[in-house]
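Listed here are the chains, written in short residue letters.
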Amino acid sequence: MEIVKVEDLTKIYGKGEAQVIALDHVSFSVNKGEFLAIVGASGSGKSTLLHLIGGVDKPTEGTVYVGDQDIYQMSEDERAIFRRRQVGLIYQFYNLIPILNVQENISLPVELDGRHVEPEEMKAMLDVLGLTSRRKHLPNELSGGQQQRASIGRALITHPAIILADEPTGNLDSKTSNEIVQLLKQSNKEMYQTIILITHDMEIANVADRIIKLENGRIVEER
Amino acid sequence: MNILKKLTFQDLKKNRKRSIITIIAIILSIALITAVASMVSSFRQSYINRTITYGGNFHYSFSGVPGTDLSTFENNRSLEKVYKIHSIGYSPLQKGGNDYKKYFYLIGGTQEDFINTTYQISEGRYPQKDGEIAISKDLTSKGEQVYKIGDVITLDVSEWLDEEGKEFTNISRDDGTGTFVHEFTKEYTVVGISKKMSDEGYQTPAYSCLVYDDPAVLGTYSVYARYTKQALANQYKVTANILGVDEDKFDLFMRHKVGSEDTAVEIYKNIENTKKYDYTVNTFLISAETLQKGDSTVSLYFFAAIVIVVIMTASVFCIKTSFDIAATENIRHYGVLRSVGATKKQIKASVRYQGLMLSAIGIPLGICLGLAFTLVLVQILQNLMQGIYRIKMEFYVTPISIAASFLFGLITVMISASRSARKASKIAPIIAIRGNDDVKINRKSLQTPRIMRKLLGVSGVVAYKNTKRDKKKYRTTVVSIVVSCITFISMSYVFNTVLRTTNDIYVTKSYNLIAFPSTTDNVSLKNNVNDIISVLGEKDRYCILNRSMIYVPDLKITDDYNKLIKAGHSTSDNMLSLVCLDDDTYQKYYQNLG
């Protein structure tokens with residue numbers, strides 16, 4: 001069953017001489033529960049594609065369906081609520097709120113939705129992430145791996161339809177990178193979570209069910 | 001506390017320096033607004049107090065009221081307060097006085113009645129029991145007080161009746177008419193020296209002296225009534241009812257809406273024939289207490305409103321810069337919030353909440369500072385206002401002025417925060433996360449004029465390019481400077497005008513005392529002038545014997561005089577001011593000219 005469907009997606013930055021085509025008529029789909037890796041060199045359009053799927057940027061052309069909804073037909077506030085409930089975003093530089101502790105950062109999307117995370121659920125999440133002892137710590141008191149795990153917790157807490165991970169291991173050492181990838185794999189297997197992961201590391205990409213390779217904003221290989 | 005409020009609170013705590021600076025800006029702005037609002041309320045109340053001191057604490061007064069009618073005034077629900085002054089009678093002066101004033105005029109009442117009808121005590125106290133009297137301060141002989149506290153005087157008190165046998169009360173001039181009917185002889189002890197703050201009239205035949213009221217004594221009353229707020233809104237109807245005249249006619253008459261001259265005369269006659277008492281309207285107090293079109297109080301409010309708008313505008317730019325800095329610093333943090341699903345509304349609410357939290361600290365402190373500032377200003381203005389306008393400035397704050405300051409302050413802060421809130425909510429999450437919205441450069445705008453490099457060097461070039469990054473940001477700075485300059489110039493203008501007015505009053509008058517002779521007959525005028533000179537002694541004096549305007553058909557004027565005319569210091573159009581001086585004054589003038 002298709003959960004994400006991208007059709008003719010194009011993104012152009014700048015005008016005239018300074019124009020850059022980041023994505024050039026890209027089309028593909030992702031099934032529910034699938035673990036997809038998108039690989040490519042720097043500037044190939046991977047991050048742009050991920051942000052467009054997550055609804056945090058706007059395409060120049062094309063459509064993105066999540067479930068049966070075209071997310072760019074929604075108003076900005078509807079798209080914000082869609083992101084809050086249907087998408088979990090993981091960034092290379094974690095993007096945690098520096099003045100909130102681990103627990104507060106994880107519960108942020110739920111709180112923004114006007115709800116609260118049940119204490120048992122939070123406890124279970126912190127256990128899975130291995131952050132129970134660090135739950136009251138601020139992001140700057142954590143290691144890179146711990147911060148990334150907190151950001152994975154924030155992405156998973158709403159049980160979203162898709163998890164979008166933008167080079168989640170790009171800033172980590174190989175041991176920690178492995179731990180993070182395993183955590184994503186675990187959520188994919190155990191919670192049947194759809195994951196789209198961006199990386200330029202083929203070793204990490206090989207963990208995925210399917211790999212799409214981008215070059216100059218176009219899909220050049222799919223396996 | 002929801003997560004966004006918590007986030008805002010943490011942000012303010014973490015960026016303490018920025019928060020304190022914003023709070024200081026809010027405090028200063030609110031302090032200025034409060035100072036203006038409380039100065040207005042202090043000035044207004046002081047003006048009302050002055051009007052009460054010199055004109056009495058009543059809206060309408062009714063004279064010739066028989067003692068039997070007093071209860072109808074006391075029971076009238078439209079009247080908030082009623083003060084009664086009993087016209088007891090006249091008694092010939094034993095010493096002191098002058099050609100015009102030959103009598104004591106005894107009026108009875110309580111201390112409260114006297115205080116509220118402009119009778120003050122300058123020495124001693126008010127009479128508090130039968131047989132006590134407070135003598136008028138004006139009863140002097142060659143500048144010396146005739147009676148002293150403790151003196152015992154015996155007075156033959158008579159009623160002064162007109163030809164119809166009706167009592168004269170508080171008559172303005174003795175024209176030799178009427179008859180005196182002896183009432184009683186009584187011994188009084190002088191307990192105080194009284195002073196009437198309102199004009200008693202130079203030619204009234206008697207000095208008003210206060211005694212403790214004895215209702216058993218004959219004589220009518222003057223009733224001074226303070227109307228309730230509702231009654232004041234409907235004052236003509238209420239007054240017509242008291243006077244027993246036609247409500248509609250009285251209303252038309254008082255509002256000057258009588259139509260033709262004939263109708264006016266008819267209505268006037270009707271009122272005069274049917275009214276039970278004579279009445280006067282204390283228009284100064286009514287206009288001071290109620291806002292009426294064209295009143296000075298309305299102008300004062302209008303002036304204050306303009307000043308508050310100027311302060312608010314300047315403050316908005318100042319505080320807004322602070323919120324803008326906070327929004328720019330937090331741009332990434334708003335981007336993250338947007339990417340995890342915060343709506344525009346939630347981001348806006350977060351910035352506004354920041355404004356509210358800072359206001360919660362800044363506004364009360366600003367109000368306190370503003371009140372303290374006003375307290376000092378009132379002390380400084382005390383002498384100035386007393387000297388020029390006979391207003392004793394008093395610090396007076398109403399809950400309304402505090403509430404208005406709070407409201408205006410909150411509006412100022414919320415307007416300041418709202419643009420930053422809009423800006424923060426508009427930012428696209430991806431741009432905020434990447435942080436690349438901060439710098440908007442296009443190649444053309446980065447070209448720096450050569451003269452900039454030559455004049456200011458590399459630092460000048462960098463500064464120039466910086467201003468080209470985002471014109472909007474620098475526009476705020478430029479507008480802030482412009483608004484500050486406008487505020488400074490307009491405030492300086494206002495204060496200069498006040499100082500100039502003060503100078504006009506104080507500096508251009510080169511004398512301390514002016515005395516007018518009360519005759520135009522040449523011989524007695526000379527005697528009169530000599531009398532005045534003998535009282536004043538041989539001091540520096542100028543004597544103007546006559547001053548008149550004359551018309552000269554073919555007037556040739558010098559350039560200097562022409563300049564005076566243009567500056568508004570003299571008259572034009574062939575009119576000449578002719579001033580006659582006595583010999584001494586002329587000599588002094590001549591010597592001064594060199």
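In the block above lies the structure referred to throughout.
Caption draft 1: Geometry of the overall build of chain B. Helix and strand content of chain B: 19 helices and 14 strands. The buried share among the 594 residues of chain B stands at 29%. In chain B, the share of contacts with a sequence separation of at least 24, taken over all contacts with a separation of at least 6, comes to 79%.

Caption draft 2: Representation of the interface of chain A and chain B in the model. Taken together, the contact between chain A and chain B spans 20 residues of the former and 21 residues of the latter. Breaking the side of chain A that touches chain B down by element, the ones donating at least two residues are helix H2 (76-86) and helix H3 (102-112) of chain A. Per-element tally for the side of chain A that touches chain B: the top contributor is H2 of chain A, with six residues. Across the side of chain A that touches chain B, the residue classes break down as ten nonpolar, two polar and eight charged.

Caption draft 3: Structural context of the sheet that holds strand S10 (residues 218-222) of chain A. Residues and elements named next belong to chain A. If you walk across this open sheet you meet the six strands as S6-S7-S8-S3-S9-S10, and the pairing is mixed. Each edge of the sheet is formed by a strand with only one pairing partner; in this case those strands are strand S6 (87-90) and S10. Recorded for the sheet is a direction-independent mean angle of 20° between the axes of neighbouring strands. Here S6 pairs with strand S7 (residues 162-166) via four bridges, running parallel. Within the sheet, the bridge partner assigned to Val-87 lies in S7 and is Ile-162. Along the sheet face, helix H5 (residues 144-156) touches S6 and S7 and points at about 170° away from the line of S6.

Caption draft 4: Quick peek at the sheet that holds strand S2 (residues 20-31) of chain A. Residue and element names in this part refer to chain A. Across the sheet, four strands lie side by side as S2-S1-S4-S5; this open sheet has antiparallel pairing. Edge strands, defined here as strands with exactly one partner in the open sheet, are S2 and strand S5 (69-70). Strand direction decides the pairing type here: strand S1 (residues 2-13) and S2, joined by eight bridges, are antiparallel. Within the sheet, the bridge partner assigned to Lys-5 lies in S2 and is Ser-29.

Caption draft 5: How the structure looks around the pairing of strand S4 (residues 61-66) of chain A. Residue and element names in this part refer to chain A. For S1 and S4, the ladder comprises five bridges, and the chain directions are antiparallel. Paired with Val-4 across the bridge in S4 is Val-66. In this structure, S4 lies alongside S5, joined through two bridges in antiparallel fashion. Its bridge partner lying in S5, Tyr-65 is registered against Asp-70.

Caption draft 6: Molecular detail of unusual backbone geometry. Residues and elements named next belong to chain A. Phi is positive for Asp-8, close to 50°, though the residue is something other than glycine. With respect to the element layout, Asp-8 can be found in strand S1. The partly exposed category is assigned to Asp-8, around which 13 C-beta atoms lie within 10 Å. Unlike most non-glycine residues, His-25 shows phi in positive territory, near 50°. Note on His-25: 14 C-beta atoms within 10 Å, which makes it partly exposed.

Caption draft 7: Local environment of helix H6 (residues 174-190) of chain A. Compared with the 24 Å implied by 1.5 Å per residue over 17 residues, the 24 Å span of H6 of chain A between its first and last C-alpha is a close match. Contacts from the buried residues of H6 of chain A go to strand S3 (35-40), H5, S7, strand S8 (194-199) and helix H7 (202-205) of chain A.

Definitions and limits used
- Residues numbered from 1 in each chain as written.
- Chains lettered and ligands numbered in written order.
- Predicted model: local features only at pLDDT ≥ 70, side-chain atom pairs only at ≥ 80, totals over all residues.
- Helix = DSSP H or I, 4+ residues; strand = E, 2+ residues; numbered from the N terminus.
- Buried ≥ 20, exposed ≤ 12 C-beta atoms within 10 Å, placed from the backbone.
- Contact = placed C-beta atoms within 7 Å.
- Nonpolar A, V, L, I, M, F, W, Y, C, P; charged D, E, K, R; others polar.
- Pairing = 2+ DSSP bridges.
- Axes fitted to C-alpha atoms, helices over the stretch in contact; angles between N-to-C directions.
- Expected span 1.5 Å × (residues − 1).

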